[in-house]
Amino acid sequence: MTDNNKTLRLIDANLNRLKEGIRVVEDIFRYNYDNKEIALKLKSLRHLCRVDNYIEVLSTRDVNNDVLKESIKSEQNRSDLNSILIANFKRAQESSRVLEEITKLTSIEDSENFKYIRYELYNLETVLINITSNSK
């Protein structure tokens, strides 16, 4: 696999993580809290999670050879809904940071988009964790 393909594979994995993390939070606010406004905000943020060369990125996916695809113990244990929210916010934030850095190699516009998403996630995390903590 060429270095370029390895970079594209890294983008693919983090793009998936980012969208998946946001989707978990989105669905909790959609179904558990029936909060249309927050769910729509998260949905629109999730729809910003894209790159122009998606087909090229997708062509490098190699799930079978992922050396860390097995879950570790901490990924399998969640104590409540808040722990799921926090874990998925962190997952999305970390992935957006990786994408922000790596896409500097391919597109400054994409890099700035992922930076925007990351900061939106930081803000949303503060607001939404307060909402869920107060609803116990």
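Residues numbered from 1 in each chain as written. Predicted model: local features only at pLDDT ≥ 70, side-chain atom pairs only at ≥ 80, totals over all residues. Heavy atoms only, no water.

1. Remarks on the pattern of salt bridges
Then comes step 1: Tallied over the entire structure, the rule returns ten salt bridges.
Then comes step 2: A salt bridge links Arg61 to Asp12, with the shortest nitrogen-to-oxygen separation between them at 2.7 Å. Residue Arg61 is found in the loop between helix 3 (54-58) and helix 4 (73-76), and its partner Asp12 is found in helix 1 (residues 3-32); the two are separated by 49 residues along the sequence.
Then comes step 3: Given the relative accessible area of 3%, Asp12 is considered buried.
Then comes step 4: The partner of Lys90 in a salt bridge is Glu125, and the shortest N-O contact between them spans 3.2 Å. Taken together, the residues Lys90 in helix 5 (residues 81-102) and Glu125 in helix 6 (residues 108-134) connect sequence positions 35 residues apart.
Then comes step 5: When its relative accessible area of 35% is taken as the criterion, Lys90 is described as partly exposed. (Salt bridge = Lys/Arg side-chain N within 4 Å of Asp/Glu carboxyl O. Helix = DSSP H or I, 4+ residues; strand = E, 2+ residues; numbered from the N terminus. Buried < 20%, exposed > 50% of the residue type's maximum accessible area, 1.4 Å probe, protein only.)

2. Considering the environment of Val57
Then comes step 1: If you trace the backbone, Val57 turns up in helix 3.
Then comes step 2: Judged by relative accessible area, Val57 falls into the buried class, the value being 0%.
Then comes step 3: Spatially, the C-alpha atoms of Val57 and Thr106 are 12 Å apart, while their sequence positions differ by 49 residues.
Then comes step 4: The residues contacting Val57, other than those within four sequence positions of it, are Leu8, Ile11, Asp12 and Val51. (Contact = heavy atoms within 4.5 Å.)

3. Comments concerning the nonpolar core
Then comes step 1: If you look at the biggest cluster of nonpolar residues, it comprises 24 residues, and the most contacted ones within it are Leu18, Ile22, Leu42, Ile117, Leu121 and Leu128.
Then comes step 2: For this core, the elements supplying multiple residues, two or more each, are helix 1, helix 2 (36-47), helix 5 and helix 6.
Then comes step 3: Among the elements that take part in this core, helix 1 stands out by supplying eight residues, more than any other.
Then comes step 4: Once residues within four sequence positions are removed from consideration, Leu42 is found in contact with Ile22, Val25, Glu26, Phe29, Leu124 and Leu128. (Core = buried A, V, L, I, M, F, W, Y, C linked by side-chain atoms within 4.5 Å.)

4. Details of unusual backbone geometry
Then comes step 1: The backbone of Asp34 sits at a positive phi, close to 50 degrees, despite the residue not being glycine.
Then comes step 2: The class of Asp34 is exposed, set by a relative accessible area of 64%.

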